[in-house]
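Structural overview
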Amino acid sequence: VPGGIKAETRQTMENIRTVLEAAGSSMDNIFKCTVFLADMAEYAPMNEVYATFFPAAPPARSAVAGSGLALGARVEIECMATAGP
């Protein structure tokens, strides 16, 4: 995704929302996320966007640095959620 870490984070979170909704779930059902960053110096701008997806009660989260993320990505986010509404 062109546009840097903020654009990548936004698209990643929108993709997660789409998958959850297709499965009959929602962002409200996420209980744990792991964020993989190519550069931990990008944590603050990533977090700025990430936080907008959880305005009330954010899920538990871990963030780790990883080299060689898939397809040259700056961020990957793995989330676990319960099924249903």
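Description of the structure in this document. Each chain has its residues counted from 1, running along the sequence as written. Only residues with pLDDT of at least 70 are given local features in this predicted model, and only at 80 or more are side-chain atom pairs given and counted; all residues enter the totals for whole chains, interfaces and linings. Side-chain descriptors were evaluated using all non-hydrogen atoms of the structure, hydrogens and water having been removed beforehand.

With respect to the side chain of Lys 32
Keep this limit in mind: Think of it this way: any DSSP run of H or I at least four residues long counts as a helix, any run of E at least two long counts as a strand, and we number them from the N terminus. Only protein chains enter the accessibility calculation, which uses a 1.4 Å probe. A residue is then buried if its area is under 20% of the maximum for its type, exposed if over 50%, and partly exposed in between. Charged residues are defined narrowly, with Lys and Arg counted positive, Asp and Glu counted negative, and His plus the chain ends left uncounted. The salt bridge definition used is simple: a Lys or Arg side-chain nitrogen within 4 Å of an Asp or Glu carboxyl oxygen. Whenever a nitrogen or oxygen atom comes within 3.5 Å of another N or O atom, the pair is scored as a polar contact, on the condition that within protein one atom can donate a hydrogen and the other can accept it, and that pairs from neighbouring residues in sequence are kept only if both atoms are in side chains. The contact criterion used throughout is that any non-hydrogen atoms of two residues lie within 4.5 Å.
Positionally, Lys 32 belongs in strand β1 (residues 30-37). Despite its burial, Lys 32 pairs with no opposite charge; the closest candidate is Glu 78, at 6.6 Å N-O. A polar contact of 3.2 Å, which involves the side chain of Lys 32, links it to the side chain of Thr 34. Looking at Lys 32, its side chain comes within polar contact range of the side chain of Ser 62, at 3.0 Å. Residues within four places of Lys 32 in sequence aside, it is in contact with Pro 59, Ala 60, Arg 61, Ser 62, Glu 78, Cys 79 and Met 80.

Thoughts on the nonpolar core
For clarity, the cut-off: By nonpolar core we mean a set of buried residues, namely Ala, Val, Leu, Ile, Met, Phe, Trp, Tyr and Cys, connected to one another through side-chain atoms within 4.5 Å.
One finds Met 13, Met 27, Tyr 50 and Ile 77 to be the most contacted residues of the largest nonpolar core, which totals 16 residues. Going through the elements one at a time, α1 (5-22), β1, α2 (43-52) and β3 (75-81) are the ones with two or more residues in this core. When sequence neighbours within four positions are dropped, the list of residues in contact with Met 13 reads Met 27, Tyr 50, Phe 53, Phe 54 and Ile 77.

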